[in-house]
Amino acid sequence: MLKMIKHFIQQSWLLIVASFFFGLLIAATNYALSERIEQNKVEKFNRLTAALLAEAKPELAAELEIDSLSGKGQSVKVYKVVTKKGECIGWSFKADGPGFADKIELVVTVDKGFERIAGFDVLASNETPGFGDKIKDDYYRRQFKGAPSDVLELVKTGKPERSDSEIVAITGATVSSEAVVKIINNSLLQIKKQMLEKGLISNDK
Amino acid sequence: MINKGDTKAGLYKDTLIAGLWRENPVFRLLLGMCPTLAVTAAVKPALTMGLSVIFVLVCSNIVVSLMRNLLKPHLRILMFTLTIATFVTIADLFLKAFVPRMSETLGPYVPLIIVNCIIICRAETCASKNTLGVSIIDALGMGVGFTLTLCVLAGVRELLSTGKIFEVQIMPSVFVPWAAMGMPVGAFLTLGLLLGLVNMITSRKT
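Residues numbered from 1 in each chain as written. Chains lettered and ligands numbered in written order. Predicted model: local features only at pLDDT ≥ 70, side-chain atom pairs only at ≥ 80, totals over all residues.

(A) Focus on the overall build of chain A. Helix and strand counts for chain A come out as three helices and seven strands. Its helices and strands in sequence order give chain A the pattern α-β-β-β-β-β-α-β-β-α, from N to C terminus. Taking 17 Å as the expected radius of gyration for a compact globule of 205 residues, we find that chain A reaches 22 Å, considerably beyond that expectation. Along the first, second and third principal axes, the C-alpha set of chain A runs to 80 × 40 × 30 Å. Counting all 205 residues of chain A, 29% fall into the buried class. For chain A, restricting intrachain contacts to residue pairs at least 6 apart in sequence, the fraction spanning at least 24 positions comes to 51%. (Helix = DSSP H or I, 4+ residues; strand = E, 2+ residues; numbered from the N terminus. Rg over C-alpha atoms; globule rule 2.2 N^0.38 Å. Buried ≥ 20, exposed ≤ 12 C-beta atoms within 10 Å, placed from the backbone. Contact = placed C-beta atoms within 7 Å.)

Laid out in structure tokens, this is it:
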């Protein structure tokens, strides 16, 4: 037994020591850069929100607790999008869930009354180039513009130019298309419900 | 593989030239085809990819060369991959922090440097058998050779698919851009033609 352990250590000590030091190196780099990477993400979120909802600035309005797609609790920051004159024109929040290859992070914007989706954009994803990453393309994203903020449904064939709850999937990328719809459905409905409960938005038109 | 020069300087020079031309990783060894085809639609991402590969290649060659006498033969590939993965992760973090948009354009191809054949090949054939100096020179030669090749390929493709290079209009206004050159088919066509051209030049020399 002791002989075996000795043999094991003799063979693999370099691997163990190197793993430790490499791990340390990565941890140090991550520690040094994580703040900057986070900052870049915030900037991108603001930029995408502004692009989706006419040059306006998002302001933090509420922090909600929702169930993520994996069933765990997750906190979501909902931003109120206001124009320079101080008028609220919509809401923006981050939504994420599993995609085909990696986690997909989206920016979703809705109108003032949470009635229609103003649009979404991809904050971060690692979908297959040429297939899954077409979720970033106008053809697919356009379909969400003006869609009711209700349960969206993915269909294989249909009219992509209509703004309704039917989203036409991308050929060759059904999993990625479905992931986006699932992510939006999951967060949108929960956030809408909680926003109504909190009185941040009202049901009457 | 490497012609032993008479002097140390001769050896270094030989090693450097090998990576740039005689053993150019893309044109002569046909290694690292995945990034070569995937990120050469424009010069900027190709250059970023090339510089990342140089960084990873130099760092991994240094580490592998330093521990070459400690390596157990059956665990060596594992050690190479571990070393390469570490430096790729660091390069990926740096790109995300300082050039976020470029990092997005390159997407999964940055983490994929881990399995880039050029780096494993250099660790196996050069760094694990040679001194630190030779390993560094070899990494620089191979890395710069790879970067230049990517840039040439990307230059041809960007010029033909958009008429611009680095967002500067080069082609006259009558030029009709070939959209196909920016797509995967353009990558295969350009690579094939350039490989043929290089073969033609080298066969004439000998």
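(B) Here's a closer look at the pairing of strand β3 (residues 88–98) of chain A. All names here are of chain A. Pairing geometry for strand β2 (residues 73–82) and β3, over five bridges, is antiparallel. Within the sheet, the bridge partner assigned to Val78 lies in β3 and is Phe93. Counting the residues that bridge the hairpin from β2 to β3 gives five residues, and of these Gly86 lies at a positive phi of roughly 90°. Counting the residues between successive antiparallel strands, the hairpin from β3 to strand β4 (residues 103–111) contains four residues. (Pairing = 2+ DSSP bridges.)

(C) Structural context of the interface of chain B and chain A. Taken together, the contact between chain B and chain A spans 18 residues of the former and 18 residues of the latter. Ranked by residue count, the leading element in the side of chain B that touches chain A is helix α4 (residues 76–98) of chain B, at ten residues. Tallied by class, residues from the side of chain B that touches chain A come to 13 nonpolar, three polar and two charged. (Nonpolar A, V, L, I, M, F, W, Y, C, P; charged D, E, K, R; others polar.)

(D) Molecular detail of the packing of helix α1 (residues 2–52) of chain A against α4(B). It is at 8 Å that the axes of α1(A) and α4(B) come closest, and there the two elements cross at 10°. As judged from the angle between their axes, α1(A) and α4(B) are roughly parallel. For the contact of α1(A) with α4(B), the residue count by class is 15 nonpolar, six polar and two charged. (Axes fitted to C-alpha atoms, helices over the stretch in contact; angles between N-to-C directions. Parallel < 35°, antiparallel > 145°, perpendicular 65-115°, else oblique.)

(E) Structural context of the sheet that holds β4(A). Residues and elements named next belong to chain A. Strand order in the open sheet formed by five strands is β1-β2-β3-β4-β5, with antiparallel pairing between adjacent strands. The open sheet has two edge strands with one neighbour each: β1 (57–67) and β5 (117–124). Recorded for the sheet is a direction-independent mean angle of 25° between the axes of neighbouring strands. Pairing of β3 with β4, which is carried by nine bridges, proceeds in the antiparallel orientation. Bridge pairing in β4 links Asp96 to Glu105. On top of the sheet, α1 reaches β1, β2, β3, β4 and β5; it is set at about 155° to β5, its chief contact. In this fold helix α3 (residues 174–198) packs onto β1, β2, β3, β4 and β5, with an angle of close to 130° to the strand it touches most, β3.

(F) Representation of the confidence of the model for chain A. Looking at chain A as a whole, its pLDDT mean stands at 85, while 98% of the residues score no less than 70. Per-element mean pLDDT across chain A ranges from 77 in β1(A) up to 91 in α1(A). (pLDDT = per-residue confidence, 0-100.)

(G) Just the pairing of β4(A), in detail. Residues and elements named next belong to chain A. Pairing of β4 with β5 involves six bridges; the strand directions are antiparallel. Residue pairing for β5: Leu106 is matched across the bridge by Val122. A loop of five residues connects β4 with β5, the two strands running antiparallel in sequence, and Phe114 in this loop sits at a positive phi of about 60°.

(H) Here's a closer look at the nonpolar core. Membership of the largest hydrophobic core comes to 47 residues, with the highest contact counts inside it found for Ala46(B), Val56(B), Leu57(B), Phe87(B), Ala91(B) and Ala154(B). The set of elements that each furnish at least two residues to this core consists of α3 (43–66), α4, α6 (117–127), α7 (132–162) and α8 (184–205) of chain B. Among residues more than four places away in sequence, those in contact with Phe87(B) are Phe55(B), Val56(B), Cys59(B) and Ser60(B). Counting residues in hydrophobic clusters, the runner-up holds 39 residues, among them Val81(A), Tyr140(A), Ile170(A) and Val180(A). (Core = buried A, V, L, I, M, F, W, Y, C linked by C-beta atoms within 7 Å.)

(I) Inspection of α3(B) at higher detail. In a regular helix each residue adds 1.5 Å, so 24 residues correspond to 34 Å; α3(B) covers 34 Å between its end C-alpha atoms and thus fits that length. Taking burial as the measure, the 24 residues of α3(B) include 18 buried ones, the bulk of the element. (Expected span 1.5 Å × (residues − 1).)

(J) Expanded view of unusual backbone geometry. With a phi close to 60°, Phe114(A) is a non-glycine residue in the positive phi region. Of note, Phe114(A) is situated in the loop between β4 and β5. For Phe114(A), a count of 20 C-beta atoms within 10 Å puts it in the buried group. Of note, Phe166(B) is a non-glycine position whose phi angle comes to about 55°, a positive value.

(K) Representation of the environment of Leu47(B). Residues and elements named next belong to chain B. Along the chain, Leu47 turns up in helix α3. On the basis of neighbour count, Leu47 is assigned to the partly exposed category, with 18 C-beta atoms found within 10 Å. Between the C-alpha atom of Leu47 and that of Ala154, which follows or precedes it by 107 residues, the distance is 8.9 Å. Beyond its immediate chain neighbours, meaning those up to four positions away, Leu47 contacts Thr147 and Cys151.

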